[in-house]
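Okay, here's what each chain looks like letter by letter:
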Amino acid sequence: YFSNQSFAYFDALSNSYQSYSGEVMSGWGLNIQFRNYLLASHPKRQKAPLGLYAAPQLMHRKMKITGFYQEMEETEPGKFELVDKEIIQHLNINAGGVIIGLKMPLFKVLTIDLFAGGNIKLSKYKNEDGFTKYKDWYNIDFSGVSPIAGIAVGILK
């Protein structure tokens, strides 16, 4: 996933985006869902928190991305050479959307949660004005409408 990301930083001198290769991504996030178990009150159905559900969700992530880019630098008078420079960017991601899922018991100890949906995601770098633009939907810093899907495993008892 990380190697498929396309990272760029805004260079104020050239007033353009410059590509760099990401090396380390760290941070934290919070995802809040308000699940409504749709069939929980019907006879012979699973009781919540198991079964079919629909949920609006809110998500926030705060990321630190460290990478390297190459820049031509004069090492001696008249002699230029490519030098690796480190860049650190801080990315805030906010999203809101809806999902539908199915949470099922497995071996009376674990649960499997399958879910899919969509959200509106807004990504912003700390040192830039406005949200990111023109990014592919699979990039971590994409802003726009994107799909959500996943599988989660949990402990039942």
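**Some points on the overall build of the chain**
(1) Moving on: Within the chain, the regular secondary structure consists of zero helices and seven strands.
(2) Moving on: Taken against the 2.2 N^0.38 rule, which gives 15 Å for 157 residues, the C-alpha radius of gyration of the chain at 22 Å runs more than 25% over that of a compact globule.
(3) Moving on: Reported as C-alpha extents along the three principal axes, the dimensions of the chain are approximately 85 × 30 × 20 Å.
(4) Moving on: In the chain, which comprises 157 residues, the share counted as buried stands at 29%.
(5) Moving on: Averaging the locations of the 17 positively and 14 negatively charged side chains of the chain gives two centres separated by 26 Å.

**Here's the deal with the packing of aromatic side chains**
(1) Moving on: Under the defined criterion, the tally for this structure stands at one aromatic pair.
(2) Moving on: Note on Tyr 37 and Tyr 53: the rings are 5.6 Å apart at their centroids and 55 degrees apart in plane angle, and the pair reads as tilted. On the criterion of sequence distance, the pair formed by Tyr 37 in strand 3 (residues 36-37) and Tyr 53 in strand 4 (residues 51-76) is long-range, its members being 16 residues apart. Each member of the pair, Tyr 37 together with Tyr 53, is buried.

**A look at the environment of Leu 114**
(1) Moving on: Among the secondary structure elements, Leu 114 is positioned in strand 6 (residues 110-125).
(2) Moving on: Residue classification places Leu 114 among the partly exposed residues on the basis of a relative accessible area of 35%.
(3) Moving on: For the pair formed by Leu 114 and Asn 36, sequence separation is 78 residues and the distance between their alpha carbons is 15 Å.
(4) Moving on: Residue contacts for Leu 114: discarding those within four places in its chain leaves Tyr 53, Ile 100, Gly 101, Leu 102, Met 104, Gly 150 and Ile 151.

**Quick word on the side chain of Ser 143**
(1) Moving on: Its location among the elements puts Ser 143 in the loop between strand 6 and strand 7 (144-155).
(2) Moving on: Polar contacts involving the side chain of Ser 143 include one to the main-chain amide nitrogen of Ser 123, which spans 2.8 Å.
(3) Moving on: A polar contact is formed between the side chain of Ser 143 and the side chain of Thr 132, at a distance of 3.0 Å.
(4) Moving on: Setting aside residues no more than four positions away along its own chain, Ser 143 makes contact with Lys 121, Leu 122, Ser 123, Phe 131 and Thr 132.

**A look at the confidence of the model for the chain**
(1) Moving on: With 90% of its residues at a pLDDT of 70 or more, the chain has an overall mean of 85.
(2) Moving on: Confidence scores differ between elements of the chain, with strand 1 (residues 7-11) showing the lowest mean pLDDT of 74 and strand 6 the highest of 94.

Rules used throughout
Residues numbered from 1 in each chain as written. Predicted model: local features only at pLDDT ≥ 70, side-chain atom pairs only at ≥ 80, totals over all residues. Heavy atoms only, no water. Helix = DSSP H or I, 4+ residues; strand = E, 2+ residues; numbered from the N terminus. Rg over C-alpha atoms; globule rule 2.2 N^0.38 Å. Buried < 20%, exposed > 50% of the residue type's maximum accessible area, 1.4 Å probe, protein only. Lys, Arg positive; Asp, Glu negative; His and termini not counted. Charge placed at Lys NZ, Arg CZ, Asp CG, Glu CD. Phe/Tyr/Trp six-rings, centres within 6.5 Å; stacked < 30°, edge-to-face > 60°. Contact = heavy atoms within 4.5 Å. Polar contact = N/O pair within 3.5 Å; in protein donor to acceptor, adjacent residues only side chain to side chain. pLDDT = per-residue confidence, 0-100.

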